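One-letter residues, chain by chain:
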Amino acid sequence: MLDGARRVFLTHCDCSEDEVVVLMEMTLENLFAGGKVDHADFLARVDILRALGRTVLISKFREYYRLAGYLFRYTNKGIGLVMGVPSLVEIFNENYYANLEGGILEALGRMFKGALKLYVYPMIDEASGKVISAPQVKVARNLRSLFQYLIDNQYVQEIADYHPEYLRIHPPDVLAKLQSGDSSWEQMVPPEVVHLIKKREFFGYRRSIAA
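Attention in this report is confined to the structure presented alongside it. (Residues numbered from 1 in each chain as written. Predicted model: local features only at pLDDT ≥ 70, side-chain atom pairs only at ≥ 80, totals over all residues. Heavy atoms only, no water.)

A separate point is the nonpolar core. In terms of nonpolar packing, the biggest core is built from 32 residues, with Leu88, Phe92, Leu116 and Leu118 touching the most fellow members. Elements with a contribution of two residues or more to this core: helix H3 (64-72), strand E3 (79-84), helix H4 (85-91), helix H5 (103-111), strand E4 (116-121) and helix H6 (144-152). Broken down by element, this core gets its largest block of residues, 5 residues, from H3. Excluding residues within four positions of it along the chain, Leu116 makes contact with Ala68, Phe72, Ile79, Leu81, Met111 and Tyr155. Among the nonpolar cores identified, the runner-up in size contains 11 residues, and Ile48, Val174, Val193 and Ile197 belong to it. (Core = buried A, V, L, I, M, F, W, Y, C linked by side-chain atoms within 4.5 Å. Buried < 20%, exposed > 50% of the residue type's maximum accessible area, 1.4 Å probe, protein only. Helix = DSSP H or I, 4+ residues; strand = E, 2+ residues; numbered from the N terminus. Contact = heavy atoms within 4.5 Å.)

Our focus in this paragraph is the packing of aromatic side chains. Throughout the structure, instances matching the rule amount to 10 aromatic pairs. On the numbers, 6.2 Å between centres and 50 degrees between planes, the contact of Tyr65 with Tyr97 is tilted. Of this pair, Tyr65 sits in helix H3 while Tyr97 is found in the loop between H4 and H5, placing the two residues 32 residues apart along the sequence. The exposure class of Tyr97 is buried, given its relative accessible area of 5%. An aromatic cluster is defined as three or more aromatic residues linked by ring pairs; in this entry it consists of Phe61, Tyr70 and Tyr74. For the cation-ring pair, Lys117 lies above Tyr155, with the distance from its terminal atom to the ring centre recorded as 5.9 Å. (Phe/Tyr/Trp six-rings, centres within 6.5 Å; stacked < 30°, edge-to-face > 60°. Lys NZ or Arg CZ within 6 Å of the ring centre and 35° of its normal.)

Purely geometric numbers; function is a separate question.
Encoded structure:
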């Protein structure tokens, strides 16, 4: 996702590759996934991203427009938010903006007020086997014109350079295999991640004990 987004980003921004700063944002809101706080899981994710050489930004932002507002404080250069199709669908869920007087229009206005673009990685529809890219996302009927406006003006851009073989790798499946002792999970993540998970016994991994 990041590699594909970087290539698209560099074709539109007025900066060199050396000037691009990549941040892996993780929100503390995810600590409460499932109704309980799981600090160990959250910190394990941070350690893994650091092992991959990434800089991690820990935030308290649930909504993307709040994250965008934070980033606008520190640069007047182009900003790209990288996400998958499911996250783009969430952005167009009006229920997320019930606390805003202006609803989804206010949220999107805040998000795109600067030089910000969304770079969207495709997903595969397991039912049909078809790949769904950003322009093919289905939104509510009353939001279709708004969505098309963002597509036409390149505020939302698809990442066309992707690995089709990775689209069927889903985190819940990887986690289930890891916790059940199915070693095939090791082929679904980078070698550095395999090493760290085994060494630190993250996410419920347990070393096999010889009889």
